[in-house]
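Observations on chain architecture
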Amino acid sequence: MTTLVTGGAGYVGSHTVVALCATGREVVILDDFSNAKHGVVDALRALTRTQLDVVEADAADRVAIDQICRSRNIDSIIHFAAHKSVPESILEPLRYYRNNLASTLTLAEAALERGIARFVLSSSAVVYGKAAELPVTETSPLAPESPYGATKQMCERILADASADSRLQSVLLRYFNPVGAHPSGDIGEIPLGEPQNLVPVVMEVALGTRSKLQIFGDDYNTPDGTTIRDYIHVMDLAEGHVAALEANLGSHSSRAFNLGTGVGTSVHEVVRAASEVTQREIPFDVVGRRPGDLSESWADCRRAATELGWSAQRELKQMLGDHWRFLRRQSRRVP
Ligand code: WQD
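By convention here, each chain's residues receive numbers from 1 onward along its written sequence. Where local features are concerned, this predicted model is filtered to residues with pLDDT of at least 70; where side-chain atom pairs are given and counted, the filter is 80 or more; whole-chain, interface and lining totals use all residues. The basis for the side-chain values is all heavy atoms of the structure; hydrogens and waters are excluded.

Here's the deal with unusual backbone geometry
The amide bond that connects Leu 134 to the next residue, Pro 135, takes the cis arrangement and shows omega of -5°. Relative to the assigned elements, Pro 135 resides in the loop between strand S5 (118-124) and helix H6 (147-164). A positive phi angle, close to 60°, is found at Phe 33, a residue other than glycine. Secondary structure is summarised from DSSP: a helix means a run of H or I of at least four residues, a strand means a run of E of at least two, and numbering begins at the N terminus for each. Of note, Phe 33 is situated in the loop between strand S2 (26-31) and helix H2 (39-48).

Below, the structure written as structure tokens:
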């Protein structure tokens, strides 16, 4: 049996492909390479020691999807392919709605018509918006504050309704803050353009390709004044997808799960840990708050532990150490 992984050359997608192959599952990658480099496929083939079928196409391309389903016995889909930048979605909302919804609708239609049994959706904790309670549980109200977050909430609803009266079961995985890289250093996050997220920026400062970190506000109502997030190793996330593929959902036709560590970490704590791991100074300036930032967000992951038999295994310093190894390898490759 084979899993179709859309966006499988991307950051979380590529790590999930490695985790899937490690269980002996066959994989077909569909990716348009708009946010991934072709070299990732070579690294994946070497890491998984398998040829890996790769189809370069848009995840909304029904002809390509039908062709894959005709040539391979697809029994499940993991759907990563999506635009995923909060600030970009605010600037270009319709492009986000078109891309993120069209791909999910097309894949859900194909899944129903072909009797595919399991659909795993890459969703995000951004669907919660400013969560009323902490830690955030799966029953926390959904109140996304960006077009990107709204597309994720809509995609979850599309899959829940598609699964309601059919053989299809959908698993909606709400990630918190993915960081880190495969321990080999061969795959990791390759932000196209200027990285916006904290850990890639901190690592660039450690590497010396960026002079300083700007900390967006230290006047939050938190112990050290900086914001708190639930950073999770991308390999833990990947293993969470394998668990989601294989889980017995019982009577649920669709089920959401938080994928986090349950631990909140502040910006200052990330900076201190990164300095220890890299043995480099990480100079910073504190500047004004970034619009839209939440003060605190971390996950209640008990449902995933109980129903998926999954919990995060890797600590912050391992996340940062693996990220650092990958970044240094990438910098040596720069011509
Ligand atoms: C973390 C904290 C910043 C950069 C993002 C996406 C979200 C999701 C997860 C997809 C914040 C602070 C950051 C910097 C800083 N991805 N920071 N200086 O904002 O929690 O969420 O990743 O689903 O869509 O928005 O993560 O890493 O950008 O920021 O002070 O140069 O670090 O203010 O509080 P965030 P982040």
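Let's talk about the side chain of Thr 6
Mapped onto the secondary structure, Thr 6 falls in strand S1 (residues 2-6). On the basis of relative accessibility, which here comes to 1%, the residue Thr 6 falls in the buried class. One polar contact links Thr 6 to His 79, side chain to side chain, over a distance of 2.6 Å. Sequence-distant contacts of Thr 6, that is, excluding residues within four places in its chain, are made with Leu 30, Ala 59, Ile 78, His 79, Phe 80, Ala 81 and Leu 107. The buried label goes to any residue with under 20% of its type's maximum accessible area, the exposed label to any with over 50%, and the partly exposed label to all in between, with areas taken from a 1.4 Å probe on protein chains only. Here a polar contact means two N or O atoms within 3.5 Å. Within protein one must be a hydrogen donor candidate and the other an acceptor candidate, and residues neighboring in sequence count only if both atoms are side-chain atoms. Residues count as neighbours in contact if any of their non-hydrogen atoms are within 4.5 Å of one another.

Considerations on the nonpolar core
Generally speaking, soluble globular proteins have nonpolar side chains that are buried together. What we call a nonpolar core is a set of buried Ala, Val, Leu, Ile, Met, Phe, Trp, Tyr and Cys residues that are connected through their side-chain atoms within 4.5 Å. Membership of the largest hydrophobic core comes to 40 residues, with the highest contact counts inside it found for Val 17, Val 27, Leu 44 and Leu 173. Going through the elements one at a time, helix H1 (11-22), S2, H2, strand S6 (169-175), helix H8 (234-246), strand S11 (254-259) and helix H10 (302-308) are the ones with two or more residues in this core.

Some points on the pairing of strand S3 (residues 53-56)
Pairing geometry for S2 and S3, over four bridges, is parallel. Looking at the pairing, Asp 31 lines up with Glu 56 of S3. Handedness rule for crossovers: strands pointing away from the viewer, path from the first strand over the helix to the second running clockwise, crossover right-handed. Remark: the S2/H2/S3 crossover connection has right-handed handedness. Paired strands are those between which DSSP finds at least two bridges.

Considerations on helix H9 (residues 267-278)
Expected span, for any helix, means 1.5 Å times one less than how many residues it has. For H9, with 12 residues, the first-to-last C-alpha span of 16 Å sits near the 16 Å given by 1.5 Å per residue. For H9, every residue scored as buried is listed here: Val 267, His 268, Val 270, Val 271, Ala 273, Ala 274 and Thr 278. Backbone geometry just after H9 places Gln 279 at a positive phi near 60°.

Examining the packing of H1 against H8
To get an axis, a line is fitted to the C-alpha atoms, and for a helix only the part in contact is used. The angle between two axes follows their N-to-C directions and goes from 0 to 180 degrees. With their axes 8 Å apart at the nearest point, H1 and H8 run at an angle of 60° to one another. Put simply, H1 runs oblique to H8. For the pair H1 and H8, the sense of crossing is right-handed. Residue-level contacts link Tyr 11, Val 12, His 15, Thr 16, Ala 19 and Leu 20 of H1 to Val 234, Met 235, Leu 237, Ala 238, Glu 239, His 241, Val 242 and Leu 245 of H8. The residue inventory of the contact of H1 with H8, partitioned by class, reads 10 nonpolar, three polar and one charged. Here is the rule for angles: anything less than 35 degrees is roughly parallel, anything more than 145 is roughly antiparallel, 65 through 115 is roughly perpendicular, and the remaining ranges are oblique. Helix crossings fall into two classes, left-handed where the near helix is turned counterclockwise from the far one by less than a right angle and right-handed where it is turned clockwise. Classes in brief: Ala, Val, Leu, Ile, Met, Phe, Trp, Tyr, Cys and Pro nonpolar; Asp, Glu, Lys and Arg charged; the others, Gly included, polar.

Re the packing of H1 against H2
Running from N to C, H1 and H2 cross one another at 20°; their axes reach a closest spacing of 10 Å. Taken together, the axes of H1 and H2 are roughly parallel relative to one another. Note that H1 runs across H2; the crossing there is right-handed. Facing Ser 14, Val 17, Val 18 and Cys 21 of H1, the residues of H2 in contact are Val 40, Leu 44, Leu 47 and Thr 48. Class assignment for the residues of the contact of H1 with H2 results in six nonpolar, two polar and no charged.

Some details on the sheet that holds S2
Reading across from one edge, S3-S2-S1-S4-S5-S6-S11 is the order of the seven strands in this open sheet, with parallel pairing throughout. Across the chains shown, the open sheet's two edge strands, defined by having one partner strand only, are S3 and S11. Along the sheet, successive strands turn relative to each other by an average axial angle of 20°, direction set aside. Across four bridges, strand S4 (residues 74-79) lies against S5 in parallel orientation. Looking at the pairing, Ser 76 lines up with Arg 118 of S5.

Regarding the packing of aromatic side chains
Each pair of aromatic rings is reported with the distance of its centres and the angle of its planes. Note on ring pairs: Phe, Tyr and Trp rings are taken, using the six-membered ring of Trp, and paired if centres are within 6.5 Å. Classes follow the plane angle, with under 30 degrees stacked, over 60 edge-to-face and the rest tilted. Under the criterion given, the structure shown has zero aromatic pairs. Lying across the ring of Tyr 220, Arg 289 places its NZ or CZ 3.9 Å from the centre. The rule for a charge over a ring is simple: NZ of Lys or CZ of Arg within 6 Å of the ring centre, and within 35 degrees of the ring normal.

As for the site of the ligand
Think of it this way: one heavy atom of a residue within 4 Å of a molecule or strand is enough to make that residue near it. In the neighbourhood of the ligand, 20 residues make up the surrounding shell, with Tyr 148, Gln 214, Thr 227, Arg 229 and Asp 293 lying closest. Between an oxygen atom of the ligand and a side-chain N or O atom of Ser 124, the distance comes to 2.9 Å. Only the protein chains shown count as cover for residues, and all accessible areas are computed by the Shrake-Rupley method using a 1.4 Å probe. For the ligand, the protein covers 87% of the area, taking 690 Å² as the surface of the free molecule. Residue assignment for the shell around the ligand shows that the elements contributing at least two residues are helix H7 (198-207) and strand S8 (213-216). A per-element tally of the shell around the ligand places S8 first, with four residues. Classifying every residue of the shell around the ligand by side-chain character gives 11 nonpolar, six polar and three charged.

Here's the deal with the pattern of salt bridges
Salt bridge, as applied in this entry: a Lys or Arg side-chain nitrogen positioned within 4 Å of an Asp or Glu carboxyl oxygen. Tallied over the entire structure, the rule returns 24 salt bridges. Linking Glu 113 and Arg 62 is a salt bridge whose minimum nitrogen-to-oxygen distance equals 2.6 Å. Of this pair, Glu 113 sits in helix H5 (residues 93-113) while Arg 62 sits in helix H3 (residues 62-71), and the two are 51 residues apart along the sequence. Exposure remark for Arg 62: the relative accessible area of 22% places this residue in the partly exposed category. With a closest N to O distance of 4.0 Å, Glu 138 and Arg 303 form a salt bridge. Residue Glu 138 is located in the loop between S5 and H6, and its partner Arg 303 is located in helix H10; the two are separated by 165 residues in the primary sequence. Arg 303 matches Glu 138 in its accessibility class, with the two residues each being buried. A single salt-bridge network, built from bridges that share partners, covers Arg 62, Asp 66, Glu 113 and Arg 114.

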